[in-house]
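Here's the letter readout for the chains.
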Amino acid sequence: MIRVKNIRKTYSNGNFNVDAVQGVSLEINQGEFTAIVGPSGSGKTTLLNLIGGLDVPNSGEILIGEQNIAELSENELIDFRLHHIGFVFQSYNLIPVLTAKENVEFLMLLQKKSESERNERTLQLLKAVGLENQTDKKPNEMSGGQQQRVAVARALASKPDFVLADEPTANLDSASTQNLLNIMAKLNKEENTTFVFSTHDQRVIDRANRIITIDDGKVVSDVRNTIA
Amino acid sequence: MLIAAIAIGIFGGLAVISTANGLTKMRQKNAIKSYVSHLQIHNPKYLKYGNVIDVISNSKLEDFLNKSKEVAAFSKRLKIESFVESVGGNGGVILNGIEPNNERLVTNIFSQCINNNYFNKFGKRPPIIISEKLAKRLNAEVGTSIKCSFTDIRGEPSLGVFKIINIFSTSNSLYDEVNAFVLLKDLAVLAKEEHVHEYAIIARDAKNVENLRNNLSSNFKNLQTDSWRAIAPELGYADKMMEIVMTLFLIIIMLALAFGIINTMLMAVFERKKEIGMLLSVGMNKRKIFWMILWESICLAIIAGPIGILISYGVISLFSIIGINVAFAADGLRSVGLDSTIYPSLDNKFYWLMTALVIITSILSCIYPARKALQLNPSETLRTSV
């Protein structure tokens, strides 16, 4: 479970301050498929960064399970991310010199998993995202949709408690988007992994079972999507 | 590109150093072979006052030199300052009375004569070999007779008429200008002196010169034995100077290498900000990122360093055999005791030193870019993507 308690984040931008997140509190339960939506500049990326421990709030608490991540040192936080949080980036951010298999395997190498465990998990995930025949391809040999599917497989490779995905479909066409959403929904169900998206893509919003809307750094609505 | 730049930089530096080193060694070698020799023995008073009466009269010295296993060859010289004149000109010169068979084992003047016969072929008149430079001043040539006037051992004027049988030209024009060679027995008669002023010695092992000098000094305390470094201090200074030049060049090469690596790795870090940000985000700790960047520059150095050093070794070895012909600058080089073919030379230990320095410099110079990478904030680097 993710618990966010009254967090605030202010950026200093030259002579003026930007209140990116203003007293946000929310709870995300295990297994939820949640979309954080809002217009550009509303603070959804900042909120995702704070939840993922990539940024530190000026005030408030973020608890992942029972761990208040603000109490972790920089190195502990990096280690915490490795074992508990998966990331999917808008521009995929795969390592260009590694193959699809190696990109997925990479986090497990950092986790010092055995070779057999790595191989088994990698092939399982690549099969789940429909890329079992593309294992030896490098990112520049794959389409955007394929690269993002590798990125999803990589995010899940370390068996995280939850996956944070910021605008994961922003660079994808309609077919690739639907394909990716199907895969993430399937993995959400099969592995009970929590997914939290920041997005303003209606196709993603339609598939989410919870929609949190923020504007000007504040939560303006938090609704369950029963249609999804 | 950086690999090529590092390799070419190392090659350029080593090529310059080896050429300069080759020039220094050549100058030493030429000086030792043509006039300095490894060691010279004199009466200390002769060195101090230059009087012809201060000869070496120790009869045991020659026995010692003949028996010593450290001595490869020696030549004795009677040296008399003389005024020479011919029909075409005149000038001052030092007449070196020598025994040709011994002299040719010590110096290479014989090989630098226009005729191959050195002192082997002459008529009734006492023979003399003069330099090309002196011959021009005297307007003389082989076969010309010249008059040499000087003061003998008793202080009385003496005059000898010699016939030029050969003309030499060494790589040191200053030496050539003031030296001429006659037979020791001829000069001894004219100077009325049976002893000599100088013993020039070639050691069997050039590295053992100092030991031999100590040995001679302790056995013949009333004589002064000097090594080539003391006889021609400028040669020793050139050696020291070369060491300083080599060190400076090494520092310059290493600085260029360091800046090249710092620049490239900084560029790499900034170009890969997103990648590094992603690695930090997904859980690669800073120590691993630091080592990743360190390894990248070590790999660059490990590839480029040996390439540069191997190219340098190959090229320097090749030219140390075939030489670099700079005939267009022969006159200028001759005036400072150098030949027109330069043989670059570099000790093997220098290549090892260079290899070690390249690796150490590479490691040190990538610390700054690696630290810069660690200062990246993942959320900022990913701002456009997360």
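Residues numbered from 1 in each chain as written. Chains lettered and ligands numbered in written order. Predicted model: local features only at pLDDT ≥ 70, side-chain atom pairs only at ≥ 80, totals over all residues. Heavy atoms only, no water.

*Asks:* Outline the packing of helix α10 (residues 233-271) of chain B against helix α12 (residues 286-322) of chain B, supporting the account with residue identities and numerical values.
*Replies:* Residue and element names in this part refer to chain B. Their axes nearest at 11 Å, the elements α10 and α12 cross at an angle of 135°. Here α10 lies oblique to α12, going by the angle between them. The element α10 and its partner α12 pack so that their crossing is right-handed. Packed against α10, whose contacting residues are Ile261, Met265 and Val269, the element α12 presents Ile293, Glu296, Ser297 and Leu300 at the interface. By residue class, the composition of the contact of α10 with α12 is 5 nonpolar, 1 polar and 1 charged. (Axes fitted to C-alpha atoms, helices over the stretch in contact; angles between N-to-C directions. Helix = DSSP H or I, 4+ residues; strand = E, 2+ residues; numbered from the N terminus. Parallel < 35°, antiparallel > 145°, perpendicular 65-115°, else oblique. Left-handed = near helix turned anticlockwise from the far one by under 90°. Contact = heavy atoms within 4.5 Å. Nonpolar A, V, L, I, M, F, W, Y, C, P; charged D, E, K, R; others polar.)

*Asks:* An account of the pattern of salt bridges is requested, with residue identities and associated values reported.
*Replies:* Residue and element names in this part refer to chain A. Tallying each qualifying case throughout the model produces 23 salt bridges over all chains. In this structure, the salt-bridge partner of Arg210 is Glu32, at a minimum N-O distance of 2.9 Å. Of this pair, Arg210 sits in strand β9 (residues 210-215) while Glu32 sits in the loop between β2 (16-28) and β3 (33-37), and the two are 178 residues apart along the sequence. The buried category is assigned to Arg210, whose relative accessible area is 4%. Between Arg121 and Glu191 there is a salt bridge; the shortest N-O distance is 3.0 Å. Within this pair, whereas Arg121 is found in helix α4 (residues 115-128), its partner Glu191 is found in helix α6 (residues 174-191), the two being separated by 70 residues in sequence. With a relative accessible area of 27%, Glu191 lands in the partly exposed category. Each of Glu32, Arg210, Asp222 and Arg224 takes part in one network of salt bridges that share partners. (Salt bridge = Lys/Arg side-chain N within 4 Å of Asp/Glu carboxyl O. Buried < 20%, exposed > 50% of the residue type's maximum accessible area, 1.4 Å probe, protein only.)

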